[in-house]
Amino acid sequence: MKKAAGKSEVAEKREKVAGIRLEVAGTRLKVAEMKHIVAEIQSKVAGKSEVAEKREKVAEIRLEVAGIEHKVAGIKYIVAEIRKKVAKNKATENHYNKIKVFILQYNKKTC
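Before going into details, it helps to say that this report is about the structure given with it. Computed from a prediction, not measured in an experiment: that's the story for all the values here. (Residues numbered from 1 in each chain as written. Predicted model: local features only at pLDDT ≥ 70, side-chain atom pairs only at ≥ 80, totals over all residues. Heavy atoms only, no water.)

**Thoughts on helix α2 (residues 50-110)**
Just so we agree on the cut-off: Here a strand is any run of E in DSSP of at least two residues, a helix any run of H or I of at least four, and the numbering for each starts at the N terminus. What a helix is expected to span follows from its residue count: subtract one and scale by 1.5 Å. Burial classification: accessible surface area is computed with a 1.4 Å probe over protein chains only, and a residue below 20% of its type maximum counts as buried, one above 50% as exposed, and the rest as partly exposed.
The end-to-end C-alpha separation of α2 is 89 Å, in line with the 90 Å expected for 61 residues at 1.5 Å each. Among all positions in α2, only Ala 52, Glu 56, Ala 59, Ala 66, Gly 67, Ala 73, Gly 74, Ala 80, Ala 87 and Ala 91 are buried.

**A few points about the pattern of salt bridges**
Quick note on the threshold: A pairing counts as a salt bridge when a side-chain nitrogen of Lys or Arg comes within 4 Å of a carboxyl oxygen of Asp or Glu.
Enumeration according to the criterion identifies 3 salt bridges in this entry. Residue Lys 84 is joined to Glu 15 by a salt bridge in which the shortest nitrogen-to-oxygen separation is 2.9 Å. Of the two residues, Lys 84 sits in helix α2 while Glu 15 sits in helix α1 (residues 2-45), which places them 69 residues apart along the sequence. Residue Glu 15 is classed as buried on the basis of its relative accessible area of 13%. Between Arg 28 and Glu 69 there is a salt bridge, with the nearest N and O atoms lying 3.9 Å from each other. Of this pair, Arg 28 sits in helix α1 while Glu 69 sits in helix α2, and the two are 41 residues apart along the sequence.

**Overview of the environment of Lys 35**
With respect to the secondary-structure elements, Lys 35 resides in helix α1. Classification of Lys 35 as partly exposed rests on a relative accessible area of 49%. Residues Lys 35 and Lys 54, 19 residues apart in the sequence, show an inter-C-alpha distance of 13 Å.

**Regarding a nonpolar patch on the surface**
Quick reminder of the rule: Patch membership needs two things, relative accessible area over 30% and no salt bridge, and members are linked within 9 Å if like-charged or within 5 Å if nonpolar (Val, Leu, Ile, Met, Phe, Trp, Tyr). Only the protein chains shown count as cover for residues, and all accessible areas are computed by the Shrake-Rupley method using a 1.4 Å probe.
Taken together, the side chains of Tyr 96, Ile 99, Phe 102, Ile 103 and Tyr 106 present a nonpolar region at the surface, about 550 Å² in accessible area. With respect to the helices and strands, the residue Tyr 96 is situated in helix α2. By relative accessible area, Tyr 96 is classed as partly exposed at 49%.

Listed below in structure tokens is the structure:
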């Protein structure tokens, strides 16, 4: 029973870590969006100079990367939630199996 409960605790910690990573990825996405907006404004103000255009392109790429990181973090969070549920189900299943074994042994002794 302790082993199953330990796995459940680990699954809960994984879920918390995945949640934190999801929040961090969301923050990075927001920062990338802001940098992209700033780069667009600089590009317009600079009259589309080469440097401003390159900054804008780099900001677009960073925005795409941040979006992908956010999606990946979301998937990892969902996987962690599933692992947590599976760990709890296994713990419950192990508990019920021990009860069944106890009942069978008790029936063999009494019959």
